[in-house]
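Remarks on the overall topology
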Amino acid sequence: MASIVGSSPFVFERKGESRPLLAFTTFRPRKIQILAVLNGSICGVSLFYDKGQLWRFKPLRLAGSLDGVGGAGRGSGDALQATIEKSKKVLAMQRDLLQQIAERRKLVSSIKSSVTDQDQDEDFHEQRDNAFPNANLASSSSDRMDEGKNGRILSSSHVNSTMRHISEILPSDEVGEEPELHLPREEASSNIGPNKQLKTTDSKAFKSDVLPSYLSSSSDAAQLTVEENENLTEGGLEEVNDEVDDPPIEDENPPAPAGVNVMNIILVAAECAPWSKTGGLGDVAGSLPKALARRGHRVMVVAPRYADCAEPHDTGVRKKYKVDGHDTEVSYFQAYIDGVDFVFVDSPVFHHMQNNIYGGNRLDILKRMVLFCKAAVEVPWHVPCGGVCYGDGNLVFIANDWHTALLPVYLKAYYRDKGLMPFTRSVLVIHNIAHQGRGPVDDFYHADLPEHYMDLFKLYDPIGGDHFNIFAAGLKTADRVVTVSHGYAWELKTSEGGWGLHGIINESDWKLRGIVNGIDATDWNPQYDVHLKSDGYTNYSLETLQTGKAQCKAALQKELGLPVRKDVPVIGFIGRLDHQKGVDLIAEAIPWMMGQDVQLIMLGTGRPDLEQMLRQFENQHRDKVRGWVGFSVKTAHRITAGADILLMPSRFEPCGLNQLYAMSYGTIPVVHAVGGLRDTVQPFNPYEESGLGWTFDSADANKLIHALGNCLLTYRQYKKSWEGLQRRGMMQDLSWDNVAQKYEEVLLAAKYQW
Ligand SMILES: Nc1ncnc2c1ncn2[C@@H]1O[C@H](COP(=O)(O)OP(=O)(O)O[C@H]2O[C@H](CO)[C@@H](O)[C@H](O)[C@H]2O)[C@@H](O)[C@H]1O
């Protein structure tokens, strides 16, 4: 008995009955085994399913019983039969329920069709799908499972919700007593994730979150499971899935935890805040995983260890990987923070690179990333977190940008092609397509891959001819691709926005989804911001906006040596100084700006000529301009809080985080309407008092001046409108929690993709 139950992730009891034990022994992508002890004997079923449908049910022959004698006896066979009978009753009731839901669905779709014109952009079909994820309820099963084409998946919250409905309409004697859970602590940590350990104290929450819905919400888990099986050939389960998709109350609730969809997730990135950051990727790698962990997943981040830092400890694990024919040893450091395992790959090649992460020559960085990706893909095998390795089942990697685009390729070439890691998937996130890991074709040999992989990397470029392109190979190999806004997802498919990869992206359209980034609600929150606690700054909220923000503005002016004046609008810019961020457009607009009564504060590093330009602005206009050349997280926070306006004239912007931070601090964005900026900054409409900022529609200094002019006019003359803009910006829910739910949908789609 111990050997049977010992392997099971879930064990629960039913009190006061002659069937004291049910063990959910295996839960694999296509097979579930359930053992029940009925009248002292062990009986069991294997449920086989594919593409979301149960299609075969097989009684298990078992060589054990509670008292250790014989196999599944006659008594248990009878009991199983009785269970099947009972299940049929449940099915009948379930059908009634489905009818009711169908009625509601019609009502909901008619409401939806009347509001669809509120959807921002017809082109961004996925955005619509997010708002009404289950609009196409009548789709066939094959449509439903073809998630790449329509971006839909069956969310656990919907299943759970339906199961709640089912239990509501079941007579109490059918519902029966809720089974109690006994989850072995060790198994919870290895199979479910760190968050779940906490939930074992709350068995109810645990049941609904962790058990498959058909086990968690029904009166008798076995009943419902068997019942589903009975209808496999009739498409019974399919009908259930179709109908449960869209309970109208769902939209009002916060995202439900992942429930049955809990996965092991490993996000791999070249930078991760707060340990390493050159830009937005670091922010995302530091925040998204925490939100995924809050949804119940077991989540790890893998990043290079650039510097010695306090939290991570040496795990003692040492491995060697070949880079350019040489064995290179890495060690792994680990820290568990906010529900996430942060694992750092340590090697001398990463040391002291925190301020120069992408520095060195082309081959230096290529070799660093080869080593990093080779080491990262094996982390789930070698690095125990909380004593237990993640393992490669139920695992999805999230790779980010070209630096880690080799990971999906290694996963395929080294493992999946050889029948290893068969249940591991990879998702590649595009934060910026402009950087691709390009080089001459011969760079391929540094990647250490079989010759036939060459074609994945080889790309023809009208300027450079055939070349080696890491992003191209990653995009082709990853199971799913995400980019960081809907607008950018669209732009990537154009020849202007795809930077030579638009052909591949168009071919991969079925697996591409745009998901707008979130912001870290603790780090970037004026109420808690640690950088606003000294030097005259202050934390503030919606309630204390006017006084708090005014105090931050005065503190910023004072700190930077600008005249401390309440009435002068302070315009901020924060970002990498390069072509993308449109700093040259600001330069063109400077003469006009300096003719206005404004203060301009710019913070950035990057191209030396642009850095020089910043210094020059300051020297020429000392009473109005500060050009801070450098990377200072503290100053970035303080500008965001103290400025009235944030300028983002980016030529292209996949998502952009600074405008999101600005809005949540009551700072009004003036942006070029591209990519994520267009998605997130709805233009101010003075007639309706709606919108969040000002936008201009081409990367042209005159357009910037026009938009900024209107913004300044409103600041000076329409105080109420200004305050309305601030308040609307601050009241948005920009948190990662909503975003994480969308990522989860993509990860799930990858998981069930074969
Ligand atoms: N000199 C400086 N000192 C201190 N902090 C500084 C700084 N310069 C920039 N930062 C910070 O770096 C981050 C930059 O965020 P962006 O979204 O603008 O990033 P970036 O273009 O690097 O990232 C890419 O990835 C992100 C994440 O997906 C996308 O939002 C974006 O569009 C895409 O170009 C912000 O946190 C900002 O405050």
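In this numbering scheme, every chain counts its residues from 1 along its sequence in written order. Local features in this predicted model are restricted to residues of pLDDT 70 or higher, and side-chain atom pairs are both shown and tallied only at a pLDDT of 80 or more, whereas totals for entire chains, interfaces and linings draw on every residue. Derived side-chain values reflect all non-hydrogen atoms in the structure, with water molecules and hydrogen atoms excluded from consideration.

Next up on the list: the overall build of the protein chain. Numbering of helices and strands runs from the N terminus; a helix is a DSSP stretch of H or I covering at least four residues, while a strand is a stretch of E covering at least two. Per the secondary structure count, the protein chain includes 30 helices and 24 strands. Looking at the protein chain as a whole, 60% of its 754 residues are labelled buried. Where accessible areas are quoted, they stem from the Shrake-Rupley method and a 1.4 Å probe; at the residue level, only the protein chains shown are allowed to cover. Accessible surface, the protein chain as shown: approximately 30,400 Å² in total, 52% of it carbon and sulfur. Any residue under 20% of the maximum accessible area for its type is buried, any over 50% is exposed, and the rest in between are partly exposed; the area is computed with a 1.4 Å probe on protein chains only.

What follows concerns the pairing of strand β15 (residues 458-461). Because side chains alternate across β15, one face comprises the buried residues L459 and D461, and the other comprises K458 and Y460, none of which is buried. Where β15 and strand β16 (residues 465-469) come together, four bridges link them in antiparallel fashion. Residue L459 lies in a different strand from β16, and its bridge partner there is H467. Two strands are counted as paired when DSSP detects at least two bridges linking them. Counted between consecutive antiparallel strands, the loop separating β15 from β16 contains three residues.

This part is about the site of the ligand. When we say a residue is near a molecule or strand, we mean one of its heavy atoms is within 4 Å of it. Taken together, 29 residues sit near the ligand, with D283, H431, R576, K581 and E653 positioned nearest. One of the side-chain N or O atoms of K277 is found 2.9 Å from an oxygen atom in the ligand. Here a polar contact means two N or O atoms within 3.5 Å. Within protein one must be a hydrogen donor candidate and the other an acceptor candidate, and residues neighboring in sequence count only if both atoms are side-chain atoms. Contact distances for the ligand include 2.8 Å between a nitrogen atom and a backbone N or O atom of G630. Its free accessible area being 710 Å², the ligand has 97% of it covered by the protein chains. Elements with a minimum of two residues in the shell around the ligand: α14 (280-294), β20 (599-604), α25 (633-642) and α26 (658-664). Top element by residues in the shell around the ligand is α14. It accounts for four residues.

Following A273, the chain continues to P274 via a peptide bond in cis, the omega torsion being 5 degrees. With respect to the helices and strands, the residue P274 is situated in the loop between β7 (264-268) and α14. Although it is not a glycine, D324 sits at a positive phi angle of roughly 55 degrees. As for its placement among the helices and strands, D324 is situated in the loop between β9 (313-323) and β10 (326-337). Unlike most non-glycine residues, E689 shows phi in positive territory, near 50 degrees.

Any two packed helices are characterised by how steeply their axes cross, that is the angle between the axes, and by the distance between the axes. In this analysis, axes come from line fits to C-alpha atoms, helices being fitted only over the stretch in contact, and the angle between any two N-to-C directions falls in the range 0 to 180 degrees. As a packed pair, helix α15 (residues 362-377) and helix α17 (residues 406-415) sit with axes 9 Å apart at the nearest point and diverge in direction by 60 degrees. Considering the angle they form, α15 stands oblique to α17. By crossing handedness, the relation of α15 to α17 is classed as right-handed. Contact residues: M369, V370, C373, K374, A376 and V377 in α15; L406, L407, Y410, L411, Y414 and Y415 in α17. Gly falls in the polar group here, along with every residue not listed as nonpolar (Ala, Val, Leu, Ile, Met, Phe, Trp, Tyr, Cys, Pro) or charged (Asp, Glu, Lys, Arg). Its residues placed into classes, the contact of α15 with α17 shows 11 nonpolar, no polar and one charged. Just so you know how the angles are binned, under 35 degrees is roughly parallel, over 145 roughly antiparallel, 65 to 115 roughly perpendicular, and the rest oblique. Working rule for handedness: look at the near helix, and if it is turned counterclockwise from the far one by less than a right angle, call the crossing left-handed; if clockwise, right-handed. In this description, contact between two residues means that some pair of their heavy atoms is separated by no more than 4.5 Å.

Ring pairs shown here join Phe, Tyr and Trp side chains whose ring centres sit within 6.5 Å, with only the six-membered ring taken for Trp; geometry is labelled stacked below 30 degrees between planes, edge-to-face above 60, and tilted in between. Throughout the structure, instances matching the rule amount to 17 aromatic pairs. Plain terms: the ring middles of W275 and F342 are 4.8 Å apart, the flat faces sit at 55 degrees to each other, and that makes the pair tilted. Separated by 67 residues along the polypeptide, W275 in the loop between β7 and α14 and F342 in strand β11 (residues 340-346) bring together distant segments of the chain. Residue F342 is classed as buried on the basis of its relative accessible area of 1%. Connected via pairs of aromatic rings, a cluster forms that spans W381, Y410, Y414 and Y415. Only when the NZ atom of a Lys or the CZ atom of an Arg is both within 6 Å of the ring centre and within 35 degrees of the ring normal do we say a charge sits over the ring. Seen from the ring of Y390, R298 lies directly overhead, with NZ or CZ sitting 4.1 Å from the centre.

With that settled, consider the packing of helix α23 (residues 583-594) against helix α28 (residues 701-717). Look at α23 against α28: their axes get within 9 Å of each other, and the N-to-C directions meet at 50 degrees. The angle between α23 and α28 falls in the class oblique. Crossing of α23 over α28 shows right-handed handedness. Packed against α23, whose contacting residues are L585, I586, E588, A589, W592 and M593, the element α28 presents A701, L704, I705, L708, G709 and L712 at the interface. Here the residues of the contact of α23 with α28 are counted per class, giving 10 nonpolar, one polar and one charged.

Here the protein chain is described as being made up of domain 1 (259-514) and domain 2 (544-732). In this entry, domain limits derive from an automatic or database-based domain assignment. If you average the C-alpha positions of domain 1 and of domain 2, the two centres end up 33 Å apart. The partner domain 2 presents 12 residues to the 14 residues of domain 1 that form the contact. Buried area counts how much accessible surface, traced with a 1.4 Å probe, disappears from two parts once they are put together, with both parts' losses summed. In total, about 1,100 Å² of surface goes out of reach between domain 1 and domain 2, with carbon and sulfur atoms giving 60% of it. Put simply, the parts of the chain that give the side of domain 1 that touches domain 2 at least two residues each are α14 and α20 (486-491).

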